[in-house]
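Breakdown of the fold
Listed below, chain by chain, are the residues.
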Amino acid sequence: MKILDNAELHQMSSMKVRARCKRLIYLETLDELSNILKEAKDKGEKLFILGGGTNVLFGSSFIDGWIICTKRLERKILVSGELIEVSGSYPTQGLVHIALENGLSGLEGLNGIPGTVGGAIAGNAGTRMGSIGDNLIWVDIMGFNGKVKRIERGKIEFGYRHCSLKGKGVIVGACFKLKKENPDVIRERMDEAKKLRESQPKGLNTLGCIFKNPPETPAGKLIEELGLKGERSGDAWISEIHGNFIVSDGSPDPDDVLHLIEKIKKQAEKRGIKLEEEIEVWR
Ligand code: EPU
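Bear in mind the structure is a predicted one, so any value in this text is a computation, not a measurement. The written sequence of each chain sets the order in which its residues are numbered from 1. Local features are withheld for residues below a pLDDT of 70 in this predicted model, meaning they are given only at 70 or higher, and side-chain atom pairs are given and counted only at 80 or more; totals for whole chains, interfaces and linings count all residues. Only heavy atoms go into the side-chain values, all of them from the structure, while hydrogens and water stay out.

Comments concerning the overall build of the protein chain
Numbering goes from the N terminus for both helices and strands, where a helix is a DSSP run of H or I of at least four residues and a strand is a run of E of at least two. From N to C terminus, the protein chain includes six helices and 20 strands. By the compact-globule yardstick of 19 Å for 283 residues, the protein chain fits well, its C-alpha radius of gyration being 19 Å. Once the C-alpha set of the protein chain is aligned to its principal axes, its extents read approximately 50 × 50 × 30 Å. Under the scheme applied here, a residue whose accessible area is under 20% of the maximum for its type counts as buried, over 50% as exposed, and between as partly exposed, the area being computed with a 1.4 Å probe on protein chains only. A total of 283 residues make up the protein chain; the buried ones form 50% of that total. With C-alpha atoms as the basis for the radius of gyration, the globule rule is written as 2.2 Å multiplied by the number of residues raised to the power 0.38.

Below, the structure written as structure tokens:
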């Protein structure tokens, strides 16, 4: 375990904003995690659970709480027939590739999605080819009392970028039931999923799509129609390539990213469309 006080967070989120937090804790074992969760609860500390940091915006230059980073947590993956049991800290791309190697289909739509399995489940990450919740059997979640509970799929509510377990604890494990398939077919589907992402900016700091698509129209299309592509605030700007991405090639101030988010929301509202963030903003 590593504990850093007044820690620099620049490397902890893929947007690379300049921010610090009261305490940053890297955990290696589930016992450490359990103890830290109990300690934070006893001390009344505000707690944030960080996986890969690919969908989280530090929305303030100082986060007055403890951030628990699960990336270094012990991890395992076990394939047994059509089942894959995996740790929450396992990289999503690792899972997708193990499924391919074992000729198991169902996770191809997740090809290219960064971050950890736990983070992907909490946000029901996916593409129009499918979401991570589709093939789940159960999830192990460690509650803020430090105890692990197994929750069957039927008791979890999944929706478009929504999972009812979010905010209920740390997702430490999951089991997927997949289907045997010819690896060439799986690879083809994975390529298809990759193609869906070709219209997205590459090589820049981003958090993926900022907003959920509202029922009226895709958020990226709307932002383009509003003429906001290329709009800049400090070191951050709205991608010229895809309107639903805020990008940077440096370390933006959290306020710059928030400013762009608010600007987009206000302009969308004038068109009668309410945009809702897909990313999580921590303050
Ligand atoms: N479009 C524009 N201008 C833009 C961007 C998009 O006109 O600047 C149009 C496209 O031409 C297309 C439509 O809007 O007709 C939808 O765009 P796209 O195909 O890029 O898909 P999306 O709805 O913007 C969704 C997910 C992505 C996922 C892709 C591919 C959401 C909010 N986004 O994007 O997920 O990668 O489909 O499956 O659901 C993410 O979760 O972070 C994410 C990026």
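Examining the site of the ligand
Being near a molecule or strand, for a residue, means having at least one of its heavy atoms within 4 Å of it. Taken together, 22 residues lie around the ligand, and Arg 128, Tyr 160, Cys 209, Asn 213 and Glu 224 are the ones closest in. A distance of 2.8 Å is found between an oxygen atom of the ligand and a backbone nitrogen or oxygen belonging to Gly 243. Measuring from an oxygen atom of the ligand, one finds a side-chain N or O atom of Glu 278 at 2.9 Å. Contact with the protein chains covers 78% of the free accessible surface of the ligand, which is 830 Å². Element by element, the count of residues in the shell around the ligand is highest for helix α5 (residues 219-225), at three residues. Partitioned by chemical class, the residues of the shell around the ligand number six nonpolar, nine polar and seven charged. Between N or O atoms, a polar contact is any pair within 3.5 Å; within protein, one atom must be a potential hydrogen donor and the other a potential acceptor, and residues adjacent in sequence are included only when both atoms are from side chains. Note on areas: these come from Shrake-Rupley sampling with a 1.4 Å probe, and a residue is covered only by the protein chains present in the view. Residues are grouped as follows: Ala, Val, Leu, Ile, Met, Phe, Trp, Tyr, Cys and Pro are nonpolar; Asp, Glu, Lys and Arg are charged; every other residue, Gly included, is polar.

Section: the nonpolar core
The definition of a nonpolar core used throughout is a set of buried Ala, Val, Leu, Ile, Met, Phe, Trp, Tyr and Cys residues joined through side-chain atoms within 4.5 Å. If you look at the biggest cluster of nonpolar residues, it comprises 38 residues, and the most contacted ones within it are Leu 9, Leu 24, Leu 57, Phe 58, Ile 67 and Ile 246. For this core, the secondary-structure elements that each account for two or more residues are β2 (20-26), β3 (47-50), β4 (56-58), β5 (62-69), α5, β18 (236-238) and α6 (254-270). In terms of residues, this core owes the most to one element, α6, which gives six residues. The criterion used for residue contact is that any of the two residues' heavy atoms lie within 4.5 Å. Sequence-distant contacts of Phe 58, that is, excluding residues within four places in its chain, are made with Leu 9, Met 12, Ser 13, Val 17, Ala 19, Leu 50, Ile 63, Ile 67, Pro 254 and Trp 282. Of all hydrophobic cores here, the second largest spans 32 residues; its members include Leu 95, Leu 107, Ala 122 and Leu 136.

As for the pattern of salt bridges
Salt bridges are identified by distance alone: a Lys or Arg side-chain nitrogen within 4 Å of an Asp or Glu carboxyl oxygen. All told, the structure shown has 18 salt bridges when counted by the stated rule. When the shortest N-O distance is used, the salt bridge between Lys 221 and Glu 225 registers 3.3 Å. One end of the pair, Lys 221, and the other, Glu 225, are both in helix α5, four residues apart, so they sit about a helical turn from each other. The class of Lys 221 is partly exposed, set by a relative accessible area of 48%. Three or more residues are tied together by salt bridges with common partners; here these are Glu 108, Glu 181 and Arg 189.

Focus on the packing of helix α2 (residues 92-101) against helix α4 (residues 183-196)
Here an axis means a line fitted to C-alpha atoms, over the contact stretch when the element is a helix, while the angle between two N-to-C directions is reported on a 0 to 180 degree scale. Taken N-terminus to C-terminus, the directions of α2 and α4 make an angle of 150°; their axes are 9 Å apart at the nearest point. If you check the angle between α2 and α4, you find them roughly antiparallel. Here Val 96, His 97 and Leu 100 of α2 lie close against α4, whose contacting residues are Pro 183, Ile 186, Arg 187 and Met 190. Split into classes, the residues belonging to the contact of α2 with α4 amount to five nonpolar, one polar and one charged. For classification, angles of less than 35 degrees are called roughly parallel, those exceeding 145 degrees roughly antiparallel, those between 65 and 115 degrees roughly perpendicular, and all remaining angles oblique.

Read these as spatial facts, not as claims about activity.
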